[in-house]
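Fold and geometry: a report
Next come the chains, spelled out residue by residue.
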Amino acid sequence: MAPSLRDLQLTRVAGAGKDDDAGDLEDVRLLDSYEDGDRFSRSEEGMRRVQVSVTGMTCAACSNSVEAALKSVNGVLRASVALLQNKADVVFDQSLVKDEDIKNAIEDAGFEAEILPEPSNSGTKPHGTLLGQFTIGGMTCAACVNSVEGILRNLPGVKRAVVALATSLGEVEYDPTVISKDDIVNAIEDAGFEAALVQSSEQDKIILGVAGIYSEMDVQLLEGILSHFKGVRQFRFDRTSNEVEVIFDPEVVSSRSVVDGIEGESNGQFKLNVTSPYARMTSRDVEEASNMFRLFTSSLFLSIPVFLIRVVCPHIPLVYSLLLWRCGPFQMGDWLKWVLVSLVQFVVGKRFYIAAARALRNGSTNMDVLVALGTSASYFYSVCALLYGAVTGFWSPTYFETSAMLITFVLLGKYLECLAKGKTSDAIKKLVELAPATAVLIVKDKGGKCIEEREIDALLIQPGDILKVLPGAKLPADGVVVWGSSYVNESMVTGESVPVSKEVNSSVIGGTINLHGALHVQATKVGGDAVLSQIISLVETAQMSKAPIQKFADFVASIFVPTVVVLALLTLLGWYIGGALGAYPEEWLPTNGNYFVFALMFSISVVVIACPCALGLATPTAVMVATGVGANNGVLIKGGDALERAQMIKYVIFDKTGTLTQGKATVTTAKIFAAMDRGEFLRLVASAEASSEHPLAKAIVEYARHFHFFDGPSATKDADNNSKDSISGWLFDVSEFSALPGRGIHCFIHGKHVLVGNRKLITESGISIPANVENFLIELEESAKTGILVAYDNNLAGVLGVADPLKREAAVVVEGLGKMGVTTVMVTGDNWRTARAVANEVGIQDVRAEVMPAGKAEVVQSFQKGGELVAMVGDGINDSPALAAADVGMAIGAGTDIAIEAADYVLMRNNLEDVITAIDLSRKTFSRIRWNYVFAMGYNVVAIPIAAGVLYPSLGIKLPPWAAGACMALSSVTVVCSSLLLRRYKKPRLTTILEITVE
C-alpha cells in the first residue's frame, strides 16, 4: 500500500524560524491548511472550519489525546492535530457546535486552547473545487465499488465521486477548503481498502526518483535540503524505492525549481528524474498481478500434497501405511492435511477474511464474503469432525482438500482476471508512450543570445520555454515555432499520414514527430493543458464513467450475496430434512457420513459457485476496451452513457460549413454592378472585411490580396495569423465597424456607408436588389455557392461568389448512414438555394436553412419530440448549443474548443467516416455488453441449481465444492475475455456498408 500523506514529514518554509536538525522531525499528520493555504475558518453549507492554538502538548500521545477529545464532541466532522505546529484544525456543524465548545473540549483534556482569529480575506486567491484521481486497491466486485462511492460521497466537501472497478481508480471532485487529499485517502483506508493519490488538478505534487543515495547520511542531506526549501510544504522519502514525494506551493515554487534546487544544493551528488503518475499506475498493476500469482503458486504448492494424500496415496501401500500411523489423537495424514490447509486458509487466504470483514463493516457484501463463508464452512467442519472423532471414536470424513482447492482456484481466477484487465488499459499505455521522455531546453540571456542548452525531463517543461527539436525527435510540448522549418508527422492526432509543413509562427502538438529540419519551439501548453494530456484525460474519464445499464448490475450486486446465502441455507435445510424424512436413500451418503455432512457439501457448493464479479465486470470492461479502441481509430468517447445512447441513434443532424464542407471558403467569382474597376471594388470589400473574424471574410481578404500583389499560395498560407499586418498598407481606413451575426458587416469608408453580407442585410437597409443581380445570385446559389452582396453609399456595388468544397467522403457517409437505418438532416444558416444544392450533392433530403445559431438547438429538439435519439455533428462555436442539446454530440476534432467541450464524441481525424465508426463501435460494444450479461446471469441461473443438487436425484450429477470454486473463478475471467474481443474491432468498410462489389 502506498504511504498516505499522514506519514509525511512537516517542513518549514525558509525563514519561518530557527531550524532543528532535520533528522529530528517527527512523522505527524499535517494540518490540512498547509495543503490549501488557508489557515483560518471558513463557512461552507453550514460547516465551519477553525484553527486552534494548543499549548502543553509534548509528544504524539498528547496530540492523540487532543484529537480524540475533539472528535468526541457531537457535531465535529473532522479534527487533526499537528504537534510541531501546536495547532488543531477542526471542521464542525455550526448548528450543533460553537467555537467555545471546541476550546472547552481541549481544556477539559488538560491543555490550553485559543481560537485563532480570522484575518481579512482581501487579496487572497479564491479556492474552487479540485479534481483528484486516486488508486483504490482491494475492490473485487460491484458491491465494493458501491461501498467506496457511498463512503466518498458522504464526506463533507466532496461534490462528486466516481469509482471504476476495471481500472481500480476513483475520481473525486472536492472542495479543498473543507477536505484535503489526505482526508480522502484516510476515508478510503478506514473503510478497509488501499488508497493513494495519483494526481490532482492542483498540480502541487511531484514524485522524484533519486540517484546518488548510498547511506543514511545521504538521506539526511536530502531531507535537510527539502526542509529549508522555500515553498515546499511536505515531503517523504521512500527508502525502498529511492523516491521522494514532494508537495509544494505552485505559487511560490515550480516543479523544475525543486529539481534544480535539490541537484544544485547537493553539488551534483543527487540526480533526479520525474516519475510519471501513469508509470506508477502501470507498476501498481504489474505489482498486483505479481502478488496474485505469488499467492496462487503458494496455495497450489500447499494444496497439491493435500490432494495427493486424498486421491493418490491410498493406492500406494507403503505411503498409505505411513499416513495411517497414529500420532497422538490423529493419524499422520490428518495432521498433515490440517497443517497444510491451515496455512492455505489463514496465511494465503487471509486476504479473503480481511476483504469480507471490510465489506461487512461497511454494511455491504461481496464475493469475498462468499469465499470466506464457503472455505470456512469446509475447514471448520473438518476440524470439528477430527476433534469429534478423537473424543468419541466415530470418525466422519473430512473435507480439508475442498477448502484448499477452492482458495487455489479462486486465486487462479483472480490472477487471470488481473492479466485480462491489464489488457483493457492498453490504450492509455499507448497514448502515454507517445509523450517524449526528455527535451532540450535553450537558455538565453536578456539579449536573446543562447548561453546554454541542456536536457531536462519533459514533465518539467514550463510555458514560455524555448525547446530545440532535432530531426526524428518528438515534439516535447504544444507550442509555436520560433525558428526553423520542417515537416511534422501529426498522424497520432489527425490520422493523416501526409506530413504537415511547419515554419515560424506555426503551431505544433506535443508527441508528434519532427521529420526533417531542426526547430526551435516555444512551449505554450504543458501538463494537463497539452493536447496529448487532454486526449488521455478524455479516455480516462470515459473509462471511469458508468453506462446507465450498469445500474442494473449495481442493483443485482447489492442483493446478490444475501440472496445466495439464503439459497445456501435453504439447500442445507432441504437436503438435511429430506434425508431425515427418508426422501432419499442412505446409499447416497458418503462413507461414515451423515445427512448433515451430505447437505453441507451441497450448501458450500452453492455459496462458492455464485459469482457477482462477472456481473460487475460485464459493463465496465467492455466500455474500457471500447474507449481505447475508439481512441486508436480517431474517435474519442467521453463516457459509457454516450456509448449507450449512440447505439440507439435514429437521426444524425449535420452542420454544413466546416462539417459537410471543408471549411476552407474560396472566392470563385467577383462581379461588379457599379461604376468602379475590379481592383477598386476588391480593395473596398477587403478594407471592410479585414476587421472580421468570419471565415468568409478571410477568404475575401485573401482573394483581394492575391489580386493586388499576385501572391502565390505559399505567400498567403499564414494569412489567418498576419493578414492584417501584411496588407494594412493598401487598405482604406475604416470607421464604425460592426459585425451583424447571421447577416454580415457594416462600416464607413471615406465617410460613406459600406454593407457586405446577405440579402437580408441589404433589404433591411432599404437597398433594392435589381433583377439582373437577383438572377446572378440564384445562379450562384443553385451551384452550391454563397452570394455575398456589397453595397457602397446606399447603392449595390457588386456580388462575390464564395464556394466551400464538400469533403470527398460526405456523400458516401450520408449513404452509408442510410444503409445503417439512420436518417440524415442538414442544418445551416445559409440561404435555401445554396443549402438545397449542397444537400442534393450529398444526398440529404431533409434540409433546414437560414437557421440562426440558437435555432440549431431548436431543430435538434424538434426531432427529439418524437421520442427518437438524435446526434448532432458540428465544429464551430455556433454549433455548441446544438451539440449540448443533442442526445449525442459529435465534434469535429479540427473545430473549436467550445464545440469539443460540448460534445460526447470527438472525431480527431476531421473525417466524416468516423461518424459511422462511432455509431458502429457503440452498437458492437453494447452487443458485447448484452452477451456479457447473458453469460453472467445465465451462469448463475444455471450453475446455482446444479450446485444445489437439482440434477443429483435424476442424473447423479453432483458438483463438489472445489469444482464449484473452479467454475466461479473462470466465470469472471470469461466475461473479461469476452470484452477483450472488442480489441479485434475493425472500422466498417464503406464498400461493405454500401454493398459495393470491388473487382
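1. A closer look at the pattern of salt bridges
Close approach of charged atoms allows side chains of opposite charge to pair. The tally for this structure, following the rule as stated, stands at 19 salt bridges. Across the pair K468 and E453 runs a salt bridge whose closest N-O atoms are separated by 3.6 Å. Remark: E453 occurs in strand β18 (residues 450-457) and K468 occurs in strand β19 (residues 466-469); sequence separation between them is 15 residues. Note that R759 is salt-bridged to E774, the shortest N-O span being 2.9 Å. With R759 in helix α25 (residues 759-764) and E774 in helix α26 (residues 771-782), the pair connects residues that are 15 residues apart, well separated along the chain. Here E774 falls in the partly exposed class, since its relative accessible area comes to 22%.

2. A few points about the pairing of strand β5 (residues 87-93)
With six of seven residues buried, β5 is to be regarded as a mostly interior element. Pairing analysis gives seven bridges linking strand β3 (residues 47-55) to β5, with the strands arranged antiparallel. Considered in β5, the bridge of S53 is made with K87.

3. Brief notes about the pairing of strand β31 (residues 752-757)
Where strand β30 (residues 744-749) and β31 come together, six bridges link them in antiparallel fashion. Across the sheet, residue G744 finds its bridge partner in β31, namely G757. Counting the residues in the hairpin turn of β30 and β31 gives two residues, including H750, whose phi is positive at 55 degrees.

4. Quick word on the packing of helix α18 (residues 595-609) against helix α32 (residues 913-947)
For any two helices packed against each other, the geometry is given by the interaxial angle and the distance between the axes. Between α18 and α32, the least distance of the axes is 8 Å, while the angle of their chain directions is 165 degrees. In terms of orientation, α18 and α32 fall into the roughly antiparallel class. Once α18 is placed against α32, the crossing between them reads as right-handed. Residue-level inspection shows F602, S605, V606 and I609 of α18 in contact with α32, the latter providing Y939, N940, A943, I944 and A947. Classifying every residue of the contact of α18 with α32 gives seven nonpolar, two polar and no charged.

5. Details of the nonpolar core
Burial of nonpolar side chains together is a common tendency in soluble globular proteins. Residues V652, L817, Y905 and V915 are the most contacted members of the largest nonpolar core, which totals 147 residues. Examining the composition of this core, we find that 13 residues originate from one element, α32, more than from any other. Discounting residues that sit within four places of it in the chain, V915 has contacts with V652, F654, L817, V873, M890 and L907. Counting 28 residues, the second largest nonpolar core, distinct from the first, contains F681, A690, A704 and A797.

6. Digging into the sheet that holds β30
Sheet strands line up and pair through hydrogen bonds in the backbone, either parallel or antiparallel. Across the sheet, six strands lie side by side as β28-β33-β32-β31-β30-β29; this open sheet has antiparallel pairing. What marks the edges here is a single partner per strand, and that holds for β28 (666-672) and β29 (734-740). Taking each pair of neighbouring strands and ignoring which way they run, the sheet shows an average axis angle of 15 degrees. Here β29 runs beside β30; their pairing, made up of five bridges, is antiparallel. Within β30, the position partnered with V734 by the bridge is I749. Most of the contacts of α26 go to strand β33 (residues 795-803), to which it runs at about 10 degrees, and overall it touches β28, β32 (786-792) and β33.

7. Quick word on a nonpolar patch on the surface
Together, L300, I304, F307, L308, V311, V312, I316, L318 and V319 make up an exposed nonpolar region whose accessible area comes to about 690 Å². Within the residue set of the nonpolar patch, elements represented by two or more residues are α8 (277-311) and α9 (317-323). Note that L308 resides in helix α8.

8. Topic: the environment of T129
Considering the arrangement of structural elements, one finds T129 in the loop between β6 (112-115) and β7 (130-137). Put simply, T129 and V158 are 29 residues apart on the chain and 8.9 Å apart in space, counted from C-alpha to C-alpha. Apart from residues lying up to four places away in sequence, T129 is in contact with K159, E173, Y174 and P176.

9. A closer look at the sheet that holds strand β26 (residues 635-637)
With mixed pairing, the seven strands of this open sheet are ordered in space as β26-β38-β37-β36-β27-β34-β35. Each edge of the open sheet carries a strand with a single partner, namely β26 and β35 (846-848). Taken pair by pair, the neighbouring strands of this sheet meet at an average axis angle of 20 degrees, ignoring direction. Examined bridge by bridge, β26 and strand β38 (residues 905-907) share three bridges and lie antiparallel to one another.

10. Quick look at the side chain of S376
Relative to the helices and strands, S376 is located in helix α12 (residues 367-392). We classify S376 as buried; its relative accessible area is 13%. Among residues more than four places away in sequence, those in contact with S376 are Q345, Y353 and Y381.

Calculation criteria
- Residues numbered from 1 in each chain as written.
- Predicted model: local features only at pLDDT ≥ 70, side-chain atom pairs only at ≥ 80, totals over all residues.
- Heavy atoms only, no water.
- Salt bridge = Lys/Arg side-chain N within 4 Å of Asp/Glu carboxyl O.
- Helix = DSSP H or I, 4+ residues; strand = E, 2+ residues; numbered from the N terminus.
- Buried < 20%, exposed > 50% of the residue type's maximum accessible area, 1.4 Å probe, protein only.
- Pairing = 2+ DSSP bridges.
- Axes fitted to C-alpha atoms, helices over the stretch in contact; angles between N-to-C directions.
- Parallel < 35°, antiparallel > 145°, perpendicular 65-115°, else oblique.
- Left-handed = near helix turned anticlockwise from the far one by under 90°.
- Contact = heavy atoms within 4.5 Å.
- Nonpolar A, V, L, I, M, F, W, Y, C, P; charged D, E, K, R; others polar.
- Core = buried A, V, L, I, M, F, W, Y, C linked by side-chain atoms within 4.5 Å.
- Patch = residues over 30% accessible without salt bridge, like charges linked within 9 Å, V, L, I, M, F, W, Y side chains within 5 Å.
- Areas by Shrake-Rupley, 256 points an atom, 1.4 Å probe, with all protein chains shown as cover.

Purely geometric stuff here, so don't read any function into it on its own.
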